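One letter stands for each residue in the lines below.
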Amino acid sequence: MPVDKSQIIEKESVTVEGIELTADWNRMFEQRVVFDYDTDALDKVTDLANAESMGWCYQCGQCIPVCPVDAVGEYGPLKIFRKLQQGQDLFNHDDLWKCTTCMNCLRVCPKEVDMIKIMPAIREEAVLEANVPQELQEVFENTFEYGNPMGESQRKRADWIKDAGVDVPIMKEIKRKVDFLWFVECYPAYHGRGQEASRALARVMNLLNLDYGILGTEEKCSCDSQRLAGETGLFEEFAEHNIGLFNKYKVKKVMVTDPHALNAFRKEYPKLGGKFETIHYTTMLAPLMEQLNFTKKLNYKVTFHDPCYLGRHNGEFDAPRNCLTAIPGIELIEMGRCREQSYCCGGGGGGMWLDGFMADHVTERLSENRVREAVETGADVLAVCCPYEVSRFEDAIKSTGNEGKLIVRDIIELIEEAL
Ligand code: SF4
Ligand code: SF4
């Protein structure tokens with residue numbers, strides 16, 4: 001029942017629903033009641049399907065110290081919640097694009113405020129209103145037109161295999177079932193450093209006599225990052241295309257190099273009819289490492305960056321480490337923020353394509369913050385196993401002035417180097 005504010009402040013006692021409250025209680029009551037609370041901005045968010053949990057925040061503050069964006073700026077679910085309480089419109093706010101959907105806040109939140117669902121739900125509305133940062137809009141258009149976020153020709157998607165030095169089977173050419181399909185994904189197919197890792201993986205898999213095939217020019221982006229950035233329609237269209245290919249080739253098992261594809265295939269493609277098992281390449285290789293005949297000792301001190309979408313999102317922390325420690329000579333040194341508590345490289349949830357936008361909101365890029373931590377361990381090599389990370393961290397090593405102190409290598413590159 002609403003209480004008359006003037007009564008609370010001025011009278012020595014007040015009767016509410018037949019119960020007399022003394023002046024002491026009045027004062028406590030007066031402090032606790034919010035009289036002019038405008039919930040419109042918060043309601044606009046919580047009324048959206050999948051964004052309801054934004055309203056569950058009870059402001060405990062657990063999420064702020066673990067948010068990677070707050071480490072280099074001002075961010076986190078609690079801070080967003082406070083802005084919504086103050087009536088700020090998140091649908092037209094730069095905060096909408098800063099979350100990398102790294103999941104570290106959800107890991108600690110006692111109320112399960114789920115930014116991994118909230119952000120895509122609001123961003124989807126912003127996309128429908130064409131209210132998207134320009135650099136992200138270009139990525140959506142590239143993906144729609146060319147099948148990949150970089151705007152590369154679809155015809156060149158399998159060009160990387162020409163220099164692999166081994167035969168890489170393409171499904172439409174071999175015309176038979178294989179033990180597993182290797183979904184190469186865009187950065188490993190087109191980006192120079194990604195291609196190097198892809199060739200190394202092809203050579204190692206051929207050494208192990210594994211029966212696999214790739215989709216080649218038929219493959220299109222898994223689109224998980226575009227989905228998290230709000231392009232749900234594009235995601236569904238591409239998912240249906242890729243599922244159609246998996247069905248055509250009777251694929252039961254998919255191996256991915258990209259943890260973002262892993263996430264889409266495990267959690268989103270089944271909702272659209274995809275029925276297949278998916279594993280990351282490190283998960284597949286870890287138990288096979290003893291079959292490789294290593295001929296070199298690498299003698300590197302290596303630190304490892306857990307990709308958010310392999311570790312926190314999909315629970316794989318051990319396989320990359322098991323691959324690394326099986327390489328002769330490698331000493332693995334952990335960073336303080338590792339495994340479940342790993343820091344984010346800044347590339348998830350569309351962040352890969354928002355570096356220009358983010359530069360206006362942070363004191364340094366997330367990848368730079370992470371590189372500084374890696375250098376502090378005294379490691380020679382920063383090992384990664386997500387295709388976004390090689391270029392992000394190599395750029396960050398240059399921009400933080402750490403060239404010569406640290407190099408970035410995909411785990412598969414280290415494996416091949418020791419063979
Ligand atoms: S941890 Fe959860 S409940 Fe606590 S402040 Fe953050 S979002 Fe709110
Ligand atoms: S998902 Fe990650 S980046 Fe987004 S608010 Fe939570 S901790 Fe911060």
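### Here we look at the overall build of the chain
Line of reasoning, step 1. The helix and strand inventory of the chain stands at 20 helices and 10 strands.
Line of reasoning, step 2. Overall, the C-alpha framework of the chain stretches about 90 × 45 × 35 Å when taken along its three principal axes.
Line of reasoning, step 3. Relative to its 419 residues, the chain shows a buried fraction of 46%.

### What about the domain arrangement of the chain?
Line of reasoning, step 1. We note that the domain assignment places domain 1 (40–128), domain 2 (134–286) and domain 3 (292–417) within the chain.
Line of reasoning, step 2. The C-alpha centroid of domain 2 is placed 31 Å from the C-alpha centroid of domain 1.
Line of reasoning, step 3. Tallying the contact residues gives seven residues for domain 1 and six residues for domain 2.
Line of reasoning, step 4. In terms of residue class, the side of domain 1 that touches domain 2 is built from four nonpolar, one polar and two charged.

### Quick word on the sheet that holds strand β8 (residues 331–332)
Line of reasoning, step 1. An order of β8-β7-β9-β10 is seen for the four strands of this open sheet, with the pairing classed as parallel. Across the chains shown, the open sheet's two edge strands, defined by having one partner strand only, are β8 and β10 (407–410).
Line of reasoning, step 2. Where strand β7 (residues 301–304) lies against β8, two bridges are found, and the strand directions are parallel. Bridged to K301 within β8 is E331.

### Examining the pairing of strand β6 (residues 277–280)
Line of reasoning, step 1. Across the two faces of β6 the burial differs, with T278 and H280 buried and E277 and I279 not buried at all.
Line of reasoning, step 2. Here strand β5 (residues 253–256) pairs with β6 via four bridges, running parallel. The residue of β6 that forms the bridge with V256 is H280.
Line of reasoning, step 3. Following the backbone out of β5, through helix α14 (residues 259–268) and into the adjacent parallel β6, one traces a crossover that is right-handed.

### Looking at the site of ligand 1
Line of reasoning, step 1. Neighbouring ligand 1 are 15 residues, the closest being C57, C60, C63, P77 and C109.
Line of reasoning, step 2. The element best represented in the shell around ligand 1 is helix α5 (residues 77–85), accounting for three residues.
Line of reasoning, step 3. Taken together, the residues that form the shell around ligand 1 break down as 11 nonpolar, three polar and one charged.

### Details of the site of ligand 2
Line of reasoning, step 1. The local shell around ligand 2 holds 15 residues, among which C67, C99, C102, C105 and M115 are the closest.
Line of reasoning, step 2. Tallied by class, residues from the shell around ligand 2 come to 11 nonpolar, four polar and no charged.

### Considerations on helix α18 (residues 366–376)
Line of reasoning, step 1. Among all positions of α18, only L366, S367, E368, N369, R370, V371 and A374 are buried.
Line of reasoning, step 2. Looking at the buried side of α18, the elements it contacts are β7, β9 (381–384) and α19 (387–399).
Line of reasoning, step 3. Looking one or two residues past α18, G378 carries a phi angle of roughly 85 degrees, positive in sign.

### Digging into helix α13 (residues 232–248)
Residues three or four positions apart in an α-helix share a direction because the helix packs 3.6 residues into each turn.
Line of reasoning, step 1. End to end, α13 covers 24 Å across 17 residues, agreeing with the expected 24 Å (1.5 Å per residue, within 8%).
Line of reasoning, step 2. If you check which residues of α13 are buried, you get F235, F238, A239, N242 and F246. The arc enclosing the buried residues of α13, seen along the axis, measures out at 110 degrees, which places them on a common side.
Line of reasoning, step 3. Close packing links the buried residues of α13 with β3 (180–183), α12 (224–228) and α14.
Line of reasoning, step 4. One or two positions beyond α13, positive phi appears at K250, with a value near 50 degrees.

Reading the values: the criteria
Residues numbered from 1 in each chain as written. Chains lettered and ligands numbered in written order. Predicted model: local features only at pLDDT ≥ 70, side-chain atom pairs only at ≥ 80, totals over all residues. Helix = DSSP H or I, 4+ residues; strand = E, 2+ residues; numbered from the N terminus. Buried ≥ 20, exposed ≤ 12 C-beta atoms within 10 Å, placed from the backbone. Domains from an automatic or database assignment. Contact = placed C-beta atoms within 7 Å. Nonpolar A, V, L, I, M, F, W, Y, C, P; charged D, E, K, R; others polar. Pairing = 2+ DSSP bridges. Right-handed = clockwise from strand over helix to strand, strands pointing away. Near = placed C-beta within 6 Å. Expected span 1.5 Å × (residues − 1). Arc of directions from axis to C-beta.

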